[in-house]
Amino acid sequence: MNQHDAHYLTLITSPASLSRKELAGLLHSEAGMDARTIEMRLGRTPPCILGLYDPRQCLAATRTILNQGGDAFSCSMDDISSLGPTHKIRDFELKQDGIHVTLWRAGVEIINPDDLHILIRAKLSEQKTTSPSTAIDAPHWIVSGNRRHTGISSAQLGAGFGLGGAYGLALSVYRMQGMSDYANEKTMKTSDKLDLHLKDGRVFQIDGDKFGFGILGEQRGLSDNENIDKMCELLAHLAPEAIVDPYFSLWKPPARHQQLRLPGMKINNEEPAFAFYSRWAALMYRHVSGS
């Protein structure tokens, strides 16, 4: 099975009526998956990628999970790369006929706010040092005091969690992760990104390293982190039905993610893990919303 044949099996929600061991047993009998390996991977907090499998195994596994009341989907590297290149935004203007974005090396595009579908907010770190005594093992947990907050479920997605109307809640999760980083004495060189997924599948990006934030006027802050948040708030206001995802920092990259190839990746200096995540998440949200 080569990389183009393999599919990433994603668990969105686990069947509530089954234990992890019971579900692993079903996936072994129905999809031919190794019971011990899949049971271990089912311990991750969904939504999560369970691994690379043959497409027929993924089809059998998703049917099994759906039949038991959970939710899952699968996609290939080709599905992810089919969303195409990242169009980097140089400047941003609001006009009567829509959002005018000036692109690096590609002229001007006009985006109808109603076409904004998914906003992926991320802070990428190039270096970090974590105190061993406070390191958090599970990448999907956010720790706040003695409470632990898990990832999203398809039920929450269906009810609007992470949508524009609940942006404050989504952003608070993102900021809590930032405070957890500070508490764990992490030091890092960061880069703030905001991916804009349109309903037609195109991907635009506001990159804090390459964007002037002039559109914010007097509201412009002192840091890229603050200004990217304000741009996300602005876009969520313009497109209240758009899905907002701030969960990249809680996600564990799967095998072979670095093999993603997109036009202009090297010129754009793109981080493969985030480029992969942004497109995988978009496919997941489209699966959940049926779009």
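As the structure is a computational prediction, the values presented were derived from the model and not from experiment.

Asker: With reference to specific residues and values, describe the packing of aromatic side chains.
Answerer: Following the criterion strictly, the structure yields 9 aromatic pairs and no others. Ring centres of Phe 211 and Phe 213 lie 5.0 Å apart, and the angle between their planes is 85°; on these two criteria the pair is classed as edge-to-face. Each of the two residues, Phe 211 as well as Phe 213, counts as buried. Members of the aromatic cluster, connected to one another through ring pairs, are Tyr 8, Phe 248, Trp 251, Phe 274, Phe 276, Tyr 277 and Trp 280. One Lys or Arg, Arg 90, reaches over the ring of Trp 104 and ends 4.5 Å from the middle of that ring. The aromatic ring of Trp 104 is capped on one face by Lys 210, whose charged end is 5.9 Å from the ring centroid.

Asker: Go over the environment of Glu 233, please, and point to the residues and values.
Answerer: Along the polypeptide, Glu 233 turns up in helix α7 (residues 224-238). Residue classification places Glu 233 among the partly exposed residues on the basis of a relative accessible area of 35%. Distance from Glu 233 to Val 244, taken between C-alpha atoms, is 9.6 Å for residues 11 residues apart in sequence.

Asker: Break down the nonpolar core for me, with residues and values.
Answerer: By size, the foremost hydrophobic cluster in this structure holds 32 residues, and its most contacted members are Ile 80, Phe 248, Phe 276, Tyr 277 and Trp 280. At the level of secondary structure, the elements contributing two or more residues to this core comprise β1 (7-13), β3 (71-76), α4 (77-81), β7 (116-128) and α8 (272-289). No other element matches α8, which puts 11 residues into this core. The next biggest cluster of nonpolar side chains, apart from the first, holds 25 residues, and it includes Leu 103, Leu 119, Phe 213 and Leu 216.

Asker: Tell me about the sheet that holds strand β2 (residues 48-53), and name the residues and values.
Answerer: The 3 strands lie next to each other as β2-β1-β3, forming an open sheet whose pairing is antiparallel. Pairing within the sheet leaves two strands with one partner each, and these edge strands are β2 and β3. Each strand axis lies, on average, 25° off the axis of its neighbour in the sheet, ignoring direction. Both β1 and β2 contribute to a ladder of 5 bridges, which runs antiparallel. Across the sheet, the residue bridging to Leu 11 is Cys 48, located in β2.

Asker: Now, about unusual backbone geometry: what can you tell me, with residues and values included?
Answerer: Put simply, Pro 46 and Pro 47 share a cis peptide bond, and its omega is 0°. With respect to the helices and strands, Pro 47 occurs in the loop between α2 (35-41) and β2. A positive phi angle, close to 65°, is found at Phe 213, a residue other than glycine. Examined against the element boundaries, Phe 213 turns out to sit in the loop between β11 (203-207) and α7. Among the residues examined, Phe 213 registers a relative accessible area of 2% and is labelled buried. The phi torsion at Arg 256 lies on the positive side, around 70°, for a residue other than glycine. In this structure, Arg 256 sits in the loop between β12 (243-245) and α8.

Rules used in this analysis
Residues numbered from 1 in each chain as written. Predicted model: local features only at pLDDT ≥ 70, side-chain atom pairs only at ≥ 80, totals over all residues. Heavy atoms only, no water. Phe/Tyr/Trp six-rings, centres within 6.5 Å; stacked < 30°, edge-to-face > 60°. Buried < 20%, exposed > 50% of the residue type's maximum accessible area, 1.4 Å probe, protein only. Lys NZ or Arg CZ within 6 Å of the ring centre and 35° of its normal. Helix = DSSP H or I, 4+ residues; strand = E, 2+ residues; numbered from the N terminus. Core = buried A, V, L, I, M, F, W, Y, C linked by side-chain atoms within 4.5 Å. Pairing = 2+ DSSP bridges. Axes fitted to C-alpha atoms, helices over the stretch in contact; angles between N-to-C directions.

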